[in-house]
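Examining the three-dimensional arrangement
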Amino acid sequence: MPKSLKKLILYCLVIVGIIYGYQLITGKSIATLPGELVDKIQSIGSTPQTESTNPHYYTDPEKSMPKD
């Protein structure tokens, strides 16, 4: 029992140390980290689409008419 209790306390100290170290170095809460990671992952390789990729079956007759 004492060995497992020592291991549990050691693991808890390591986790608390990582959290405190992250906050100390970056100045941000570790709770904001998942959102920042998701934003970075979504922004990699994404190109903004300016026009719909759906097919256009109806063409506007005013666009095909020659302008005078």
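Thresholds applied
Residues numbered from 1 in each chain as written. Predicted model: local features only at pLDDT ≥ 70, side-chain atom pairs only at ≥ 80, totals over all residues. Heavy atoms only, no water. Helix = DSSP H or I, 4+ residues; strand = E, 2+ residues; numbered from the N terminus. Buried < 20%, exposed > 50% of the residue type's maximum accessible area, 1.4 Å probe, protein only. Areas by Shrake-Rupley, 256 points an atom, 1.4 Å probe, with all protein chains shown as cover. Patch = residues over 30% accessible without salt bridge, like charges linked within 9 Å, V, L, I, M, F, W, Y side chains within 5 Å. Salt bridge = Lys/Arg side-chain N within 4 Å of Asp/Glu carboxyl O. pLDDT = per-residue confidence, 0-100. Expected span 1.5 Å × (residues − 1).

**Quick look at the overall build of the chain**
Across its full length, the chain holds three helices and zero strands. Going through the 68 residues of the chain one by one, you find that 1% of them count as buried. For the chain, the exposed surface amounts to about 7,000 Å²; the carbon and sulfur share of it is 66%.

**Comments concerning a nonpolar patch on the surface**
Taken together, the side chains of Leu 5, Leu 8, Ile 9 and Leu 13 define a hydrophobic patch exposed on the protein surface, amounting to about 400 Å² of accessible area. Mapped onto the elements of the fold, Leu 13 is located in helix α1 (residues 2–26).

**Considering the confidence of the model for the chain**
The predicted coordinates of low-pLDDT regions are not to be read in fine detail. On average, residues of the chain score 82 in pLDDT, and 87% of them are at 70 or above. Of all secondary-structure elements in the chain, the lowest mean pLDDT belongs to helix α3 (residues 61–64), at 76, while α1 reaches the highest, 93.

**Thoughts on α1**
When the terminal C-alpha atoms of α1 are compared, their 36 Å separation across 25 residues agrees well with the 36 Å that a helix rising 1.5 Å per residue should span. Burial runs low along α1: only one of the 25 residues are buried. Of the residues flanking the end of α1, it is Gly 27, one or two places downstream, whose phi is positive at about 80°.

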